[in-house]
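Chains, contacts and geometry: an overview
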Amino acid sequence: MPFKPSQFESSTLRLRADLVFRPRRADGKLAYLIEHSDLERFFSIGRREHDLACCLNGKRTGRQAYDAYLQNADRQSPEGVAKNQVLTWQQAERFFQFLFTENLFESINNQPIRGRRIADEKAFIQWNPIGVRILLFNADWIAEKWSSTFLFVFHSISMLIGGIFILWATLTASANLERMIHDSQVVTRPENWIWMSLFWIVLKAIHESGHALSCKQLGGKVGSAGVHFLLLFPLPFVDVTSSYRFSSKSQRILVASAGMYLELIVAAACVMIWSLDLNSTANWLTIQVIVMASLSTLIFNLNPLMRFDGYYILTDLIQKPNLATNGRQYQRNWLKEKIFGIQNREHLRSYDSVTKIYGWLATAWRLLIAISLLIAAANLFHGAGIILAGLAVIAWYVVPLARFIRNIFSADTQDRPSYRRIAISTTLLVLILWGMSWTPWPFAARAPGIIDFANQQSIRITSDGFLARIYVSDGDAVEKGTPLISLVNKDLQLQLHSLKIDKEIAKLDLRHFQMENRRAERQSELKKLESLNEQIAIISRQLDELTIVAPMAGKVLTADLDGYLGAFIHQGTEVLKIVSESDLQATACVNETDLPSYQSALEQRVFIEAAGGKRFVAILQKVAPTATRQIIHPSLSARNGGPLNVRSTQTNGRISPPETVPIQSELVIPRFLVRTGLVETGSTPVSLRSGTACEIVLCNPSADCLSVLRDRFSRWVHHHWVQNSID
């Protein structure tokens, strides 16, 4: 039966007989823990609420119980107490509403209450639009049987040794980070899904066993165990809420962290095996366990923004047992005051800053996870997923919002919302969304790249020699055929002179054999003469090539060759380049998030920002359809101070010594290559050189803020949730 807060004033109220109240310190003040023994549920209330609850004897109405509470407060302080030290009647009504909602009343007006929540809590299967929660068995007898056997696991000395072991594993993994990153890429491959699922089930069984065993060893009672299927993904759970009755904060934290501790021990053991590099199979198996037992555990279980292990550890550390509840209550009061114009009886300033910040952060995180799950469901299950996502939206947001609005408009006269404030808030929200849909996206997409030339000729030495003369300087304009440098090779000159002498001798011998009619010798001498002519031609050509000329008209780009004047230069050495200034271009690496923006800007003008703050204009000419891990220039690598993270391409993930195999690198995250066309002549910096680092900056004026944010979030969810599952 629904109740309004005002109805408690004339209703006779009786608390459940199976409630147990235990004193406890919270927020540095005296508080009380209410234990609902039937459902193993726990609630924390303040000293004032406890004193009011003691006045509910089943014979008093809510107002009479409140008056008795005030009389008791006056007797405890003969001179009277400050108004802010006792509950107001409005606060008392809210406390009665809390007791009713949580099914802590046994009867109202002497009529027994059959709580809907009790039936729901004891249901064997609990349905949810996105997940199904199945209770399998009561785990208390299992924990009772094995708690003594594994008593040593949570002994202080054992945990100290375990902590040192985990620290060693962390340092070992950090020292071999590149190899670990390389090996961990196999975890999400589709062919490993079966193994990953098996490892996940075993790890989570160990995790929940840690909670159960530690709770039982400390004297608690273990409740039911089961599985929560979230998008068909199994998440085992075990009920250890009885740990709330532990008076020691360290004991409660131990129970909350026991599962993560055991998983990290397993991960540390796998790091030890992996570091031995026994064989590929052992490395493959251990790396999967390491990833799932460490990163996934820390990211999800240690996250305090959801009611996982990290949340309960945090609330015990800062002594705020109702942090999530108070955070949601603050947000409801904020909405009532700011959006609906209801002046809250309990002012917003009564909440501390920790509660306010946590409330907004937790709401933002839950919203992000909910939207991600909805999009993932819609993509994974196609048509059925869309229906499933729609039902989840209704269950998670539409129904609670409708109930919230209904309660606001059905409230007492003094709590009626301000229609003027609602109209203003709604209009402001619509204007913000409308403005975002018309406001261009102010943040330009940027992609790191390199300046180069589309048409360039590398000038290389074709014959060994000493650099004898330099005809050009850096930046000189040359025509085709213009001499650039010349070399001297006395060995070639001596070889040519020797071959010419041998040729003359061969001619004399040939004439002599012809006069004596010695045909065999004459034939052999002809072949020798032919060979000498070929060698002379080759040596002559090499000598001619010692003077290098420009193969095309353009501009000379070269390092300081004056320092090499007179030095010996080997064949194949690049000495300079001839480029055409009109063919200047830029090539950049674009991440997946910004790719659609660059694709839509094809054949449009973009900005190129080069080192030194120089900026000029170019035409975006090409966007590669597929991603690559190839590094287009060494200066872009993070190893050389560039912006792109790279990794070793060694097959075993380890870097070989420099004297054996040179280190080859590739991008950690694949990127798409984009290339500009000809740079507009009037905007080209005079000192621009090939190999200069730059950024291709894209600012698409047709993209509005609302669509960009929507598209980016959708792509992020598709990449991190859907695509990883499909791939």
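Please read all numbers here as calculations on a predicted model, not as lab measurements.

**Comments concerning the packing of aromatic side chains**
This model, assessed by the stated rule, comprises 16 aromatic pairs. For the ring pair Phe154 and Tyr261, a centre distance of 6.4 Å and an interplane angle of 50° mean the geometry is tilted. Pair noted here: Phe154 is in the loop between α5 (140–147) and α6 (156–175) and Tyr261 is in helix α9 (residues 249–276), with a separation of 107 residues, a long-range link. Each member of the pair, Phe154 as well as Tyr261, is classed as buried. Between Tyr311 and Tyr312, the ring centres sit 5.2 Å apart and the planes meet at 75°, which makes this aromatic pair edge-to-face. In this structure Tyr312 comes out as partly exposed when scored by relative accessible area, which is 25%.

**Thoughts on the environment of Ile181**
In this fold, Ile181 is placed in helix α7 (residues 177–183). Separated by 487 residues in sequence, Ile181 and Val668 have C-alpha atoms that sit 9.0 Å apart.

**Some points on the confidence of the model for the chain**
When pLDDT is averaged along the chain, the result is 77; 79% of the residues meet or exceed 70. Counting interchain partners and residues more than four positions distant, the pLDDT-below-50 stretch residues 115–126 has 25 contacts. For residues 681–686, every residue scores under 50 in pLDDT, and the model assigns this stretch nine contacts once sequence neighbours within four places are set aside.

**Quick notes on the sheet that holds strand β19 (residues 568–569)**
Pairing is antiparallel across the open sheet formed by four strands, whose spatial order is β17-β16-β14-β19. Edge positions in the sheet fall to β17 (547–549) and β19, since each has one partner strand and no second. Across three bridges, strand β16 (residues 483–488) lies against β17 in antiparallel orientation. For Ser486, the partnering residue across the bridge sits in β17 and is Thr547.

**Some words on the sheet that holds strand β13 (residues 456–460)**
Spatially, the four strands line up as an open sheet ordered β13-β20-β18-β15, and their pairing is antiparallel. On the outer flanks of this sheet lie β13 and β15 (477–478), each paired with one strand and no other. Of the strand pairs in this sheet, β13 and strand β20 (residues 574–579) are connected by five bridges, and their pairing is antiparallel. Residue Arg460 lies in a different strand from β20, and its bridge partner there is Glu574.

**Some points on the packing of α9 against helix α11 (residues 309–317)**
Relative to each other, α9 and α11 sit at 160°, their axes nearing to 9 Å. Taken together, the axes of α9 and α11 lie roughly antiparallel to each other. The element α9 and its partner α11 pack so that their crossing is left-handed. For the pair α9 and α11, the contacting residues are Lys249, Arg252, Ile253, Ala256, Ser257 and Met260 in the first and Asp309, Tyr312, Ile313, Asp316 and Leu317 in the second. Residues of the contact of α9 with α11, tallied by class, amount to six nonpolar, one polar and four charged.

**Structural notes on helix α17 (residues 519–544)**
Because the α-helix completes a turn every 3.6 residues, residues three or four places apart line up on one side. For α17, with 26 residues, the first-to-last C-alpha span of 37 Å sits near the 38 Å given by 1.5 Å per residue. Summarising the contacts, the buried residues of α17 are in contact with α16 (490–515) and β17.

**Quick word on a nonpolar patch on the surface**
A cluster of nonpolar side chains, namely Leu367, Ile371, Ile387, Leu391, Val393, Ile394, Tyr397, Val398 and Val399, defines an oily patch on the protein surface of about 710 Å² accessible area. If you list the elements that add at least two residues to the nonpolar patch, you get α13 (353–380) and α14 (382–409). Element by element, the count of residues in the nonpolar patch is highest for α14, at seven residues. Relative to the helices and strands, Val399 resides in helix α14.

**Things to note about the environment of Glu609**
The residue Glu609 is located in strand β22 (residues 605–610) in this model. Using a relative accessible area of 22% as the deciding quantity, one classes Glu609 as partly exposed. Along the primary structure Glu609 and Ala693 are separated by 84 residues, whereas in three dimensions their C-alpha atoms are 8.7 Å apart. The residues contacting Glu609, other than those within four sequence positions of it, are Arg446, Lys614, Arg615, Ala693, Cys694, Glu695 and Val697. Reaching out from Glu609, the side chain makes a polar contact with the side chain of Arg446 at a distance of 2.9 Å.

Rules behind the numbers
- Residues numbered from 1 in each chain as written.
- Predicted model: local features only at pLDDT ≥ 70, side-chain atom pairs only at ≥ 80, totals over all residues.
- Heavy atoms only, no water.
- Phe/Tyr/Trp six-rings, centres within 6.5 Å; stacked < 30°, edge-to-face > 60°.
- Helix = DSSP H or I, 4+ residues; strand = E, 2+ residues; numbered from the N terminus.
- Buried < 20%, exposed > 50% of the residue type's maximum accessible area, 1.4 Å probe, protein only.
- pLDDT = per-residue confidence, 0-100.
- Contact = heavy atoms within 4.5 Å.
- Pairing = 2+ DSSP bridges.
- Axes fitted to C-alpha atoms, helices over the stretch in contact; angles between N-to-C directions.
- Parallel < 35°, antiparallel > 145°, perpendicular 65-115°, else oblique.
- Left-handed = near helix turned anticlockwise from the far one by under 90°.
- Nonpolar A, V, L, I, M, F, W, Y, C, P; charged D, E, K, R; others polar.
- Expected span 1.5 Å × (residues − 1).
- Patch = residues over 30% accessible without salt bridge, like charges linked within 9 Å, V, L, I, M, F, W, Y side chains within 5 Å.
- Areas by Shrake-Rupley, 256 points an atom, 1.4 Å probe, with all protein chains shown as cover.
- Salt bridge = Lys/Arg side-chain N within 4 Å of Asp/Glu carboxyl O.
- Polar contact = N/O pair within 3.5 Å; in protein donor to acceptor, adjacent residues only side chain to side chain.

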